[in-house]
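A closer look at the structure
One letter stands for each residue in the lines below.
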Amino acid sequence: METTTGEQLVGPLLLARGTIDRSAALRADERWLERAWSDPATRVLVVDDGHTLVRRTGDEVHAVLFGPEEAPEGPRFLLGVEGGVAYFAVTAPLPGVAKTEANGRVTFAMRLGDTPEGVPVAAGLRQVGGLLGDREAGLLVYAVALEAWHATHEFCPRCGSRTAIQAGGHVRVCPRDGSQHFPRVDPAVIMLIRDEADRCLLARGPQWPKGRLSILAGFVEPGESLEHAVVREVAEEVGVTVVNPRYLGSQPWPFPRSLMLGFFAEAVTTELRPDTEEIAEAHWYSREELAAALESGELRLPPAVSIARRLIETWYGGPLADE
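Anyway, here's the lowdown on the structure attached to this text.

Calculation rules
Residues numbered from 1 in each chain as written. Predicted model: local features only at pLDDT ≥ 70, side-chain atom pairs only at ≥ 80, totals over all residues. Heavy atoms only, no water. Buried < 20%, exposed > 50% of the residue type's maximum accessible area, 1.4 Å probe, protein only. Helix = DSSP H or I, 4+ residues; strand = E, 2+ residues; numbered from the N terminus. Pairing = 2+ DSSP bridges. Salt bridge = Lys/Arg side-chain N within 4 Å of Asp/Glu carboxyl O. Disulfide = S-S within 2.5 Å.

On strand S14 (residues 216-219), burial follows the alternation: Leu216 and Gly218 on one face are buried, whereas Ala217 and Phe219 on the facing-out side are not. The pairing of strand S12 (residues 186-194) with S14 spans 4 bridges and is antiparallel. For Met191, the partnering residue across the bridge sits in S14 and is Leu216.

Set out below in structure tokens:
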């Protein structure tokens with residue numbers, strides 16, 4: 001992917017893939033939706049707390065897609081059409097998979113690497129977003145994002161009434177005041193900062209384990225441009241002044257509903273003054289220092305499924321191995 005700056009991103013943005021036509025014009029056609037749901041050729045992706053069923057076949061991983069008659073009951077969302085086949089998502093417990101919940105965290109009983117080939121197993125986007133093909137990765141990102149929005153928008157923000165799902169899962173309507181509510185996307189900037197010596201700035205938040213570093217990121221505030229958000233966030237988080245933010249690419253990050261907008265920017269100051277509530281540590285790295293830290297195990301980077309990894313590797317000039 002060539003960016004607007006002329007730089008070449010190293011590797012694909014793995015959660016920005018997809019092949020289906022989202023078919024927005026069909027969402028309000030209730031007769032078409034019912035016909036599509038009755039069609040045995042229709043494929044259904046079941047999602048539960050951001051997970052779906054996948055199976056491993058040789059070196060490939062595929063999502064488990066059901067026919068409408070096999071799919072469990074639950075809210076359903078139209079994902080789109082490809083080659084005359086309609087694709088839906090259903091929010092429901094994953095068939096045949098046990099899960100537990102503790103302290104707000106969901107744990108499924110089976111793991112992809114622990115099961116025999118061909119056996120369905122629950123997996124989330126962080127685990128398999130980079131392993132699935134373009135179509136299935138796009139379907140899963142889309143389904144997880146819709147599931148997360150519906151889970152937190154059951155009630156009307158105006159009057160508190162329970163809303164009803166319409167338009168193939170893309171609108172919630174209040175039965176009392178008639179207001180319509182649409183899926184939210186929260187824009188967030190994520191930026192690789194370089195200094196005059198072409199060193200890269202890496203940091204971690206207090207919630208991250210020691211040694212796991214990434215680039216800086218933050219949400220865009222109301223009334224703010226993307227470029228200004230880059231400058232503000234870097235100043236707030238580490239006290240560094242940056243200029244010349246340059247857009248490189250974007251990737252959905254449905255945890256629960258972010259859109260990550262990737263930038264490079266240039267530092268005109270290098271003294272690091274981290275905001276300790278947001279940043280536990282921050283360091284400048286040359287390419288040689290980064291490679292040595294990765295080789296020694298002192299440092300680990302974000303996973304390949306993240307746009308952060310792609311921006312770091314673009315600065316570095318090629319793929320990096322840290323695990």
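Anyway, onward from the coordinates.
All told, the structure shown has 19 salt bridges when counted by the stated rule. Note that Arg194 and Asp198 form a salt bridge whose closest N and O atoms lie 3.9 Å from each other. Across the salt bridge formed by Glu266 and Arg246, the nearest N and O atoms sit 3.2 Å from each other. Taken together, the residues Glu266 in strand S16 (residues 258-267) and Arg246 in strand S15 (residues 242-253) connect sequence positions 20 residues apart. On the basis of relative accessibility, which here comes to 15%, the residue Arg246 falls in the buried class. One salt-bridge network, in which partners are shared between bridges, spans Glu221, Glu224, Arg232, Glu233 and Glu236.

On to the pairing of strand S8 (residues 121-124), then. Across a regular strand the side chains alternate sides, sitting on one face of the sheet and then on the other. Where burial is concerned, the two faces of S8 agree: the one with Val121 and Ala123 and the one with Ala122 and Gly124 are both buried. Here strand S2 (residues 51-57) pairs with S8 via 4 bridges, running antiparallel. Residue Leu53 lies in a different strand from S8, and its bridge partner there is Ala122.

What follows concerns the state of the cysteines. Applying the stated criterion to the full structure yields 0 disulfides. With no disulfide of its own, Cys174 lies closest to Cys159 among cysteine sulfurs, the gap being 3.5 Å.

On to the sheet that holds strand S9 (residues 164-166). Judged by pairing direction, the sheet is antiparallel, and its 3 strands sit side by side in the order S9-S10-S11 without closing on themselves. Looking at the sheet topology across the chains shown, the edges are occupied by S9 and strand S11 (180-181). Relative to strand S10 (residues 171-173), S9 runs antiparallel, the two sharing 3 bridges. Its bridge partner lying in S10, Ile165 is registered against Arg172.

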